[in-house]
Amino acid sequence: MLITDYLFENVKPIWDAYLEHDFIMDMGNGNLCKDKFKDYLIQDYLYLKEYAKVYAMALVKCENIEQMKFCQNSINGILEDESATHIWYLKNFGEKIEELEDYKIKEANENYTSYMKSIALTGDLLDTMVSVLPCAWSYYYIGKKLKETYKENLEDNFYKSWIESYSCEGYEQVARTSIEFVNTLSENIDENKKEKLNDIFIKASIHEMKFWDMAYEEVK
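Residues numbered from 1 in each chain as written. Predicted model: local features only at pLDDT ≥ 70, side-chain atom pairs only at ≥ 80, totals over all residues. Heavy atoms only, no water.

J.: Is there a simple way to think about the pattern of salt bridges in this case?
T.: For side chains bearing opposite charge, pairing can occur when the charged atoms are close. Scanning the model with the defined rule gives 13 salt bridges in all. In this structure, the salt-bridge partner of D124 is K193, at a minimum N-O distance of 2.8 Å. A residue pair is termed long-range when its members are at least 10 positions apart, and D124 in the loop between α5 (107–122) and α6 (125–150) and K193 in helix α9 (residues 191–215) qualify at 69 residues. With a relative accessible area of 34%, D124 lands in the partly exposed category. The exposure class of K193 is buried, given its relative accessible area of 17%. (Salt bridge = Lys/Arg side-chain N within 4 Å of Asp/Glu carboxyl O. Helix = DSSP H or I, 4+ residues; strand = E, 2+ residues; numbered from the N terminus. Buried < 20%, exposed > 50% of the residue type's maximum accessible area, 1.4 Å probe, protein only.)

Next up, the structure:
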């Protein structure tokens, strides 16, 4: 069994709970409060900045050029491609992009990014890649499910662009490339390493849930 199949098998109940989260369901049916969405986008924009740093930390641990290229391409994708949807929505909300970094990062957001950075500091390249994998992979998992569930009613949905950005073929390739990279790094690992990776993956997935919980807090 591939390591990612093993990780997914153990984390699937958590990921399926994402799909039943009020924030996700309200986004799918178009009923999510726009102020809540704006608050989420700001926090996710701040998250992506720290997320990219984890890949920069991972780059130092790379053993060859191909691994370095993967990390470099991931950083570029996060800062350019993935941030584009956030920026589009936030500009429509009247936010000044150059001022977004002035917002305070919330506790759940900081806890999540700090967790990934701690793994990058203390672990090896594989540990680090497993800590960041739930983000890219679960967003595709969510985006795909939302597209399948609400595809007949997306045309007038304010959140159509978000759903399509995380369910499109391009983002699917991002997720699959990350999955394949982890599988390649995981060849010949022993049971102790396997269980360590499982623990990292589950903890990161729980942080993902807390991020959704944070996003659905009342905007103050």
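Having seen the model, we can carry on.
J.: Sorry if this is basic, but what is going on with the packing of aromatic side chains here?
T.: How two aromatic rings sit relative to each other is set out by the distance from centre to centre and by the angle between their planes. This model, assessed by the stated rule, comprises 32 aromatic pairs. Pairing F70 with F181 gives two aromatic rings, centres 3.9 Å apart and planes at 20°, and the pair type is stacked. Separated by 111 residues along the polypeptide, F70 in helix α4 (residues 65–92) and F181 in helix α8 (residues 169–185) bring together distant segments of the chain. The residues F70 and F181 share a single accessibility class, namely buried. Across the ring face of F158, the terminal group of K34 is positioned such that the distance to the ring centre comes to 4.3 Å. The ring of Y6 carries the charged tip of K194 above its face, separated from the ring centre by 4.2 Å. (Phe/Tyr/Trp six-rings, centres within 6.5 Å; stacked < 30°, edge-to-face > 60°. Lys NZ or Arg CZ within 6 Å of the ring centre and 35° of its normal.)

J.: Any chance you could explain the packing of α6 against α9 here in plain terms?
T.: Any two packed helices are characterised by how steeply their axes cross, that is the angle between the axes, and by the distance between the axes. Interaxial distance between α6 and α9 falls to 9 Å at its minimum, and their mutual angle equals 45°. With respect to α9, the axis of α6 lies oblique. Here α6 runs over α9; the crossing is right-handed. From α6, L126, D127, V130, S131, L133, P134, C135, W137, S138, Y139 and I142 reach across to α9, where they touch K193, K196, L197, I200, F201, A204, S205, E208 and W212. Partitioned by chemical class, the residues of the contact of α6 with α9 number 13 nonpolar, 3 polar and 4 charged. (Axes fitted to C-alpha atoms, helices over the stretch in contact; angles between N-to-C directions. Parallel < 35°, antiparallel > 145°, perpendicular 65-115°, else oblique. Left-handed = near helix turned anticlockwise from the far one by under 90°. Contact = heavy atoms within 4.5 Å. Nonpolar A, V, L, I, M, F, W, Y, C, P; charged D, E, K, R; others polar.)

J.: Help me understand α9, please; the structure alone is not making it clear to me.
T.: An α-helix turns once every 3.6 residues. As a result, residues three or four positions apart point the same way. Between its first and last C-alpha, α9 extends 36 Å over 25 residues, near the 36 Å set by a 1.5 Å rise per residue. Where α9 starts, the residue carrying a side-chain oxygen 3.2 Å from the main-chain nitrogen of N192 turns out to be D190. (Expected span 1.5 Å × (residues − 1). Polar contact = N/O pair within 3.5 Å; in protein donor to acceptor, adjacent residues only side chain to side chain.)

J.: Would you take a moment to explain unusual backbone geometry for this structure?
T.: Trans is the prevailing form of peptide bonds, just as negative phi is the prevailing case for residues other than glycine. Unusually for a residue other than glycine, N188 sits at a positive phi of about 70°. With respect to the helices and strands, N188 occurs in the loop between α8 and α9.

J.: Looking at this structure, how should I read the side chain of S186?
T.: On the secondary structure map, S186 appears in the loop between α8 and α9. Classification of S186 by relative accessible area gives buried; the value is 7%. Of note is the side chain of S186, whose polar atom sits 2.7 Å from the backbone oxygen of V182. Among residues more than four places away in sequence, those in contact with S186 are I3, L126 and L197.

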